[in-house]
Amino acid sequence: MTAGLPRVAVPTTVHCDHLIQAHTGAAPDLKTALDTNSEVYEFLRSVSAKYGIGFWKPGSGIIHQVVLEQYAFPGAMMIGTDSHTPNAGGLGVVAIGVGGADAVDVMAGWPFNTRVPRLIGARLRGRLSGWTSAKDVILRVAGILTVKGGTGAIVEYFGPGTESISATGKATICNMGAEIGATCSVFPYDVRSAQYLKATRREAISGLADEYAEHLRGDPEVEADPEQFYDRVIEIDLDDLEPHIVGPHTPDLDRSLDELVRVAAEEGYPLDISYALVGSCTNSSYEDIGRAANVARQATAAGLKVRSPLLITPGSEQVHATIQRDGLLDDLEAIGATVLANACGPCIGQWQRDDIKPGERNTIVSSFNRNFPRRNDGNAETLSFIGSPETVVAMALTGRLDHDFVRDPLRAPDGRKVMLEAPAADELPAKGFDPGMSGFVAPAASGETVDVVVNPDSDRLQLLEPFPAWDGHDLLGLRVLVKAVGKCTTDHISPAGPWLKYRGHLSNISKNLFLGVNNCLLYTSDAA
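First things first, this report covers the structure right here in the doc. These numbers were taken from a predicted model, which means no experiment stands behind them.

Describing the nonpolar core
- Counting residues in each nonpolar core, the largest one holds 64 residues, and the members touching the most others are Leu310, Leu332, Val393, Leu397 and Leu401.
- Sort the elements by how many residues they give to this core and helix α11 (residues 286-301) lands first, with 7 residues.
- Once residues lying within four places of it in the same chain are set aside, the contact partners of leucine 397 are Val295, Ala299, Leu304, Lys305, Val306, Arg307, Ile335, Leu410 and Leu420.
- In terms of nonpolar packing, the next biggest core, distinct from the first, is built from 27 residues, Leu145, Cys174, Met176 and Ile180 among them.

Structural data, given as structure tokens:
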């Protein structure tokens, strides 16, 4: 708006996925969001129409799932104003999460600048099987590299093991590359990528990618001698990989399920699981929900219901409509699950909990991507653990953090011992995807006919004026007010949750700057 341009210079879309608060269920939560945030949604719709931007309405889905379904293609480069933009790397996109200022520069036709990244090669051997999923791969990677090991680096996955992972599974792995600090992560183009492109009605792109496939994969020399080309190489044998869980309070505290079960009590973790949550931009694909539903069907056959409340968040309207048509939602609801709106919800802190008091210590398990204190529900005493969707559903059935569902049976209502079998599911729907109700709104043919109106007294929206040009004089002698110590992620720099409503108002959102940071300047030498 302040650049004086009639339209954006590059293809751009806006997605409304952050402001839908999870509380009672999909329909009422979406209605509440539409009522509460109407001013913001109308601004985003009208400004998109005026400046040539595609607009995805609230309820359409989470941006990263929608991008994977609609826009991502091998060999592309894209930026997005969310740290989990690298999700598109599952289809071979160099996708980087950036700040709003970087995005505005690109939208106005300026180049995107970044430091030359290091290269980390992740060689995958073997094949995924049994309870092990793509989520377990990235949880293991996080355990190896830690939350800062990927900083300033692109992670390239290679090796024969990549071919056993679906396109959406690859996206799961790339998505959580953000949790190791990676600039982005990327997989080579293969037959699974082609199948996904065709299933999402992009046959022409698949054909083009097939034609240039050799340029969308690693060179033979790299496969043969990766240490010569990468700054660091890590290896994971998928044949030996087990279900993993990370947490609490950090996504790099990585343990296998059986190890967590052994230490949970001695670590003092609350053993009763207060909530189990499946979804987020990381794990809400058709395959993810299918594997979770397979576990649910086994439970129903044995007469089991969840012992911990279970929430399901579909990643997009297309996924929601398809899993509803194919009966997967029925399977999950049959064991007591509640289906939420197609949005970020609890993963981004948009979750109204009525079951605990502030400061109450409790345990939750999810298939989300982050688990820092306060991340999901604003409560610092919520211990959040992360696993795959099928792991989360199985843990909801046990209701306990110290039950190894892979090796130990569950007890049915009639006293029978029930062993859950490793889940299996189609990675793509046999009947094709059902697009559901389209939430896409194309921009106006001419922006001159569109008015963008913002109430000057609004506490949600604030129109900005261009900053004064630099006068040539640097600011000198400024005092350092904050020096972060310990973990310092975007969750610490600008916490989400209730603050999200001020994202369109710079003055108000700035009030939460560094609220979650531990400032070492406040500690005395005695305290240290």
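On we go.
Quick look at the packing of helix α7 (residues 191-199) against helix α8 (residues 203-211)
- The interhelical angle for the contact between α7 and α8, taken along N-to-C directions, is 155 degrees, at an axis separation of 7 Å. In terms of orientation, α7 and α8 fall into the roughly antiparallel class. Listed contacts from α8 to Ala194, Leu197 and Lys198 of α7 are Glu203, Ile205, Ser206 and Asp210.
- Within the contact of α7 with α8, the residues separate by chemical class into 3 nonpolar, 1 polar and 3 charged.

Quick word on the packing of helix α5 (residues 134-145) against helix α6 (residues 167-175)
- Where α5 meets α6, the axes come as close as 8 Å, and the angle between the chain directions of the two elements is 25 degrees. The angle between α5 and α6 falls in the class roughly parallel. In this structure, α5 crosses over α6, and the sense of that crossing is right-handed. Residues Ala134, Lys135, Val137 and Ile138 of α5 form the contact with α6, whose participating residues are Gly169, Thr172 and Ile173.
- Residue composition of the contact of α5 with α6, by class: 4 nonpolar, 2 polar and 1 charged.

Thoughts on the packing of aromatic side chains
- Within the structure shown, the criterion is met by 9 aromatic pairs.
- Their ring planes at 85 degrees and their centres at 6.5 Å tell us that tryptophan 56 and tyrosine 71 sit as a pair that is edge-to-face. On the criterion of sequence distance, the pair formed by tryptophan 56 in strand β2 (residues 54-56) and tyrosine 71 in the loop between α3 (63-70) and β3 (77-80) is long-range, its members being 15 residues apart.
- Accessibility expressed as a relative area gives 9% for tryptophan 56, which makes it buried.
- For tyrosine 71, a relative accessible area of 32% corresponds to the partly exposed category.
- Counting every residue linked through ring pairs, the aromatic cluster contains Trp56, Tyr71 and Phe440.

What about the sheet that holds β2?
- Read from one edge to the other, the open sheet built from 3 strands follows the order β1-β2-β18, with strand pairing classed as mixed. The open sheet has two edge strands with one neighbour each: β1 (13-15) and β18 (440-441).
- Judged from the 3 bridges that link them, β1 and β2 form a sheet pairing that is parallel. By the bridge assignment, threonine 13 is partnered in β2 with glycine 54.
- Along the sheet, helix α2 (residues 38-50) makes contact with β1 and β2, crossing β2 at roughly 155 degrees.

The rules behind the values
Residues numbered from 1 in each chain as written. Predicted model: local features only at pLDDT ≥ 70, side-chain atom pairs only at ≥ 80, totals over all residues. Heavy atoms only, no water. Core = buried A, V, L, I, M, F, W, Y, C linked by side-chain atoms within 4.5 Å. Buried < 20%, exposed > 50% of the residue type's maximum accessible area, 1.4 Å probe, protein only. Helix = DSSP H or I, 4+ residues; strand = E, 2+ residues; numbered from the N terminus. Contact = heavy atoms within 4.5 Å. Axes fitted to C-alpha atoms, helices over the stretch in contact; angles between N-to-C directions. Parallel < 35°, antiparallel > 145°, perpendicular 65-115°, else oblique. Nonpolar A, V, L, I, M, F, W, Y, C, P; charged D, E, K, R; others polar. Left-handed = near helix turned anticlockwise from the far one by under 90°. Phe/Tyr/Trp six-rings, centres within 6.5 Å; stacked < 30°, edge-to-face > 60°. Pairing = 2+ DSSP bridges.

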